[in-house]
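Structure assessment
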Amino acid sequence: MREKVKPEIKFEEIPGPEELELEKMPYEEYCRKIFDPKKTFEKPEALKGIRWLSCTMYIFTPHSVSNLAELGAEVIKVEMPRAGDPMRHTSPFNEAYLYPLHDTRPFTGTGYGYFHANLNEYYISLDYHRPEAREIVYNLVRMSDGLTECYRPGTFHRWGIGYKQLCEINPRFIYVWGGGFGYGPKVFGGSYDILGQAQGGLASITGFHEDFGGHPVKHTNWVIDWYSGTMITVGVLAALYWRRKTGLGTMIEFSQVHCATRACGYGVPLYGRFGIVRQRWGNWDTQLCVHGIIRTGKSDYPNDPNPQLREEAKYVMVSAFQDEDFRELCYVIGRPDLWEKYKTHKERLKPEAQIEIYGALEQWASDKTRSEVVDILTDAGLLAMPVMNDKEVYECQHFRERGTIRWIEDPIFGDVLVHGGFSVGLLSETPRRVRWVWRPVGADNVRVYHELLGYPISQIKEWYDKGII
Amino acid sequence: MGVMDLTEIIWCKHCNTVNYLDPYTFWNWKGKVKCAGCDRVYYVHIIQGFYYEGPKEMPPGEPYDIMPLYADKPLEGYESYKPGTPGRTRPYLCLPREIYLGKADKVKFSIRGRPVRGWAPQPPSSGLAGSQGFKWDIEKLSPDVWKEYQVKLRKGEVREW
Amino acid sequence: MVEKKLTPEEFRLKILEPAKKTDHICWTCKHLKPVIKGSKLPPADLIGWCKKLHWPFYWCIPENLVVKKCIGYERIG
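Residues numbered from 1 in each chain as written. Chains lettered and ligands numbered in written order. Predicted model: local features only at pLDDT ≥ 70, side-chain atom pairs only at ≥ 80, totals over all residues.

Across its full length, chain A carries 20 helices and 14 strands. Along the three orthogonal principal directions, the C-alpha set of chain A runs to about 90 × 85 × 50 Å. Pairs at least 24 residues apart make up 67% of the contacts formed inside chain A by residues separated by at least 6 positions. (Helix = DSSP H or I, 4+ residues; strand = E, 2+ residues; numbered from the N terminus. Contact = placed C-beta atoms within 7 Å.)

Below, the structure written as structure tokens:
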């Protein structure tokens, strides 16, 4: 048989793999391929090989470590024997629990408040301030890359497990203290999220203006806890890179209240220049108009038994601050006189103008449902979005397809809905992932003390009976 | 200014009921409030959280603007009128979801119909020192829920979302 | 309890009693937000803030700041 003559292809003419893929695929499809949430577990993890100790409580410091664990670090969470992190008991009420908390407490569960702050971690119990525990901590530190703790400043130092002592055992060790104020005049101040929001200056610019009867408002959820936890993670990643270059550890001293100050934006620098203090402006905007949230007359769920849907599904975010957009908006709501009156952005930004414009908008919307308002404005080419609640976030197709929220099968607790850290960014090569949401108190005692540190089982049993672990 | 002027309560001396308004909403407000314990109506005018006028008792049968949110009778023990008592207090529309009624709601299945390990007590299944395995075998550890789940599967009540 | 002679505006001013009483021109302006009695945080020389002039900011007004002319000035009443 005659051999088939292959056509000669020059090497230069062969498109490279990237060009080939990119040529074939439009951007949308390309992203869908590389970020596919279904392929998460086929890909490697960025922080694999890092071992971290989490001596943390509540949301703020645990979340900083949870970020590492979602990116692949092996995190060992250390809790008080039999009791655990107090956040396990600080949950929404009425049986929103996952059982069990611990083998000795079958009637106690862990509340949903614990969610997302402690993903993918291994759980051991240890009472650090017993003298017997010090050696165990040292052994853990010898095998780990870092530790995060949230006790009052200097507490670990007093117990003999502070950075000064630990860096002698392991000079590559990265030590994070996260708390309220840190060293300085307010060293003894503890912290809660609300304290951070208040002390940092954020609460003073949240809420409606005092002329409308407004008061400083905190966010309903613990936003500054979540935010400052993430900022610790940024510090840890920088410290890891520094250690790669120099071989030396770092101590990170992280005061939560300063995070709220960062979230205040340009307010503080502007005070430094002009001596002026920012005012609250609630659901409207101080720099753009129209750019705010308005209330419509009718709910999208008029007959729902849940008052949060029946009464609250009435708010719409509207944005039309460019001249053409604002003109369109005025004609849509049948108030061309407003356009004649406020033709420049500077004019409509004045407080008196905003009061009149938003008043007219709400009056126009007073006989319409939320979705009617959104449809009318969207059809007119304006930006309008309903203010969504948890139910609508769950039902939002955009979030589902991107994997921002997803159902996972937790190995112990069964079917759980998570939103994890997927929302902070999708990594194409090393995506974040949730393997399990949490485990019972001390669930990995044998795994860590026996399999990792090599203590005999009899020793573990003895510690357990004495209440050290 | 005493404390009594500051807090937005109306103490009805006739039936010894303390009626509570809600401080933020009534920071600056004037109108008539009906007592939760009896049919008397009180006029109040609040400025910056302080009583400017009132509480002033109105003639009987006067139409009222609003009912208190909550009321109690401190001199008669712990008797109280919770928000939403018909004819006495107004409903609190910011109430959380209707499932939060104060009694335990032990969920066996998530909203898409798959089992969760969310009820107490749980059988101890662990090894030494509270250790837990990684896999919760629902068929073995909770056979009743497993059976219920099979029924749900057959009925098509288990969804993807 | 309260003398009925006060108008609501006068009553409000009585509640929000300022920490200081000076002859600064801003006291006669309706956009002044005075430092009220018992406040501990602001610097001692502040009489209050202007709500109008630098909206959306409060402008700190110290006692020794001489205001000759102000575009935001509106006399009370």
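Quick look at the domain arrangement of chain A now. Each assigned domain of chain A is listed with its residue range as follows: domain 1 (51-262 + 405-466) and domain 2 (291-391). In this structure, domain 1 of chain A and domain 2 of chain A have C-alpha centres spaced 42 Å apart. (Domains from an automatic or database assignment.)

This next bit is on the interface of chain C and chain A. In this complex, chain C contributes 9 residues to the contact, which on the side of chain A involves 8 residues. The greatest single-element share of the side of chain C that touches chain A, amounting to 4 residues, is contributed by strand E3 (residues 57-62) of chain C. Residues of the side of chain C that touches chain A, tallied by class, amount to 7 nonpolar, 1 polar and 1 charged. Alignment of strand E9 (residues 276-278) of chain A against E3 of chain C, held across 3 bridges, turns out to be antiparallel. Within E3 of chain C, the residue paired with Ile276 of chain A across the bridge is Trp59 of chain C. (Nonpolar A, V, L, I, M, F, W, Y, C, P; charged D, E, K, R; others polar. Pairing = 2+ DSSP bridges.)

What follows concerns the pairing of strand E5 (residues 50-57) of chain B. All names here are of chain B. Here strand E4 (residues 41-47) runs beside E5; their pairing, made up of 5 bridges, is antiparallel. Residue Tyr42 lies in a different strand from E5, and its bridge partner there is Glu57. The turn joining E4 and E5, which pair antiparallel and follow one another in sequence, is formed by 2 residues; a positive phi near 50° is taken by Gln48.

This brings us to the sheet that holds E3 of chain C. Each strand in a sheet pairs with another by means of backbone hydrogen bonds, the pair being arranged parallel or else antiparallel. The strand order across the open sheet formed by 4 strands is E9(A)-E3(C)-E2(C)-E1(C), and the pairing between neighbours is antiparallel. In this open sheet, the two edge strands, each paired with only one partner strand, are E9 of chain A together with strand E1 (32-34) of chain C. Between one strand axis and the next, the sheet turns by 35° as a mean value, whatever way the strands run. (Axes fitted to C-alpha atoms, helices over the stretch in contact; angles between N-to-C directions.)

With antiparallel pairing, the 3 strands of this open sheet are ordered in space as E3-E4-E5 (chain B). The open sheet terminates on both sides in strands that have one partner only, identified here as strand E3 (29-34) and E5 of chain B. Here the average twist between neighbouring strands, direction ignored, is 15°. Contacts from helix H1 (residues 8-15) of chain C reach E4 and E5 of chain B within the one sheet, and its direction differs from that of E4 of chain B by about 60°.

All names here are of chain A. Taking 1.5 Å of rise per residue, the 15 residues of helix H15 (residues 351-365) would be expected to cover 21 Å, and the 21 Å separating its terminal C-alpha atoms lies within 8% of that figure. Looking only at H15, the buried set comprises Gln354, Ile357, Leu361 and Ala365. Taken end-on, H15 shows its buried residues confined to a sector of 75°, consistent with a single buried face. In this structure, H15 carries Glu352 and Gly359 as exposed residues pointing more than 90 degrees from its buried face. Those residues of H15 hidden inside the fold are in contact with strand E10 (291-295), strand E11 (315-319), helix H13 (336-341), helix H14 (345-349) and helix H16 (370-379). (Expected span 1.5 Å × (residues − 1). Buried ≥ 20, exposed ≤ 12 C-beta atoms within 10 Å, placed from the backbone. Arc of directions from axis to C-beta.)

Core analysis: the biggest nonpolar cluster contains 73 residues, and Leu68, Ala73, Val75, Tyr175 and Val176 of chain A have the highest contact counts within it. With near-sequence residues (within four places) excluded, Leu68 of chain A lies in contact with Leu47, Ile50, Trp52, Ala73, Val75, Thr233 and Val236 of chain A. Counting 20 residues, the second largest nonpolar core, distinct from the first, contains Cys35, Tyr42, Ile46 and Ile47 of chain B. (Core = buried A, V, L, I, M, F, W, Y, C linked by C-beta atoms within 7 Å.)

Residues and elements named next belong to chain B. The end-to-end C-alpha distance of helix H3 (residues 143-155) is 19 Å, a good match for the 18 Å that 13 residues give at a rise of 1.5 Å each. In terms of residue burial, H3 counts as a barely covered element, since only 1 of its 13 residues are buried. Following H3 by one or two positions, Gly156 adopts a phi angle in the positive range, close to 75°.

At the junction of the two partners, chain A supplies 42 residues and chain B supplies 35 residues. Of all the elements, helix H20 (residues 457-466) of chain A adds the most residues to the side of chain A that touches chain B, at 4 residues. Looking at the side of chain A that touches chain B residue by residue, the classes come out as 22 nonpolar, 11 polar and 9 charged.

With that settled, consider the packing of helix H3 (residues 60-70) of chain A against helix H8 (residues 223-246) of chain A. All names here are of chain A. Between H3 and H8, the least distance of the axes is 7 Å, while the angle of their chain directions is 50°. Our classification of the angle between H3 and H8 gives oblique. H3 and H8 meet at a crossing whose hand is right-handed. Here H3 contributes Phe60, Thr61, His63, Ser64, Asn67 and Leu68 to the contact with H8, which in turn contributes Asp225, Trp226, Ser228, Gly229, Thr230, Ile232, Thr233 and Val236. (Parallel < 35°, antiparallel > 145°, perpendicular 65-115°, else oblique. Left-handed = near helix turned anticlockwise from the far one by under 90°.)

All names here are of chain B. Across 6 bridges, E3 lies against E4 in antiparallel orientation. The residue bridging Val33 from the neighbouring strand is Tyr42, located in E4. What sits between E3 and E4 in their antiparallel hairpin is a turn of 6 residues.

Residue and element names in this part refer to chain B. The predicted model of chain B has a mean per-residue pLDDT of 80, with 84% of residues at 70 or higher. Across chain B, the element-wise mean pLDDT spans from 49 in helix H1 (residues 3-6) up to 91 in H3. The complex prediction reports pTM at 0.81, with the ipTM value standing at 0.75. (pLDDT = per-residue confidence, 0-100.)

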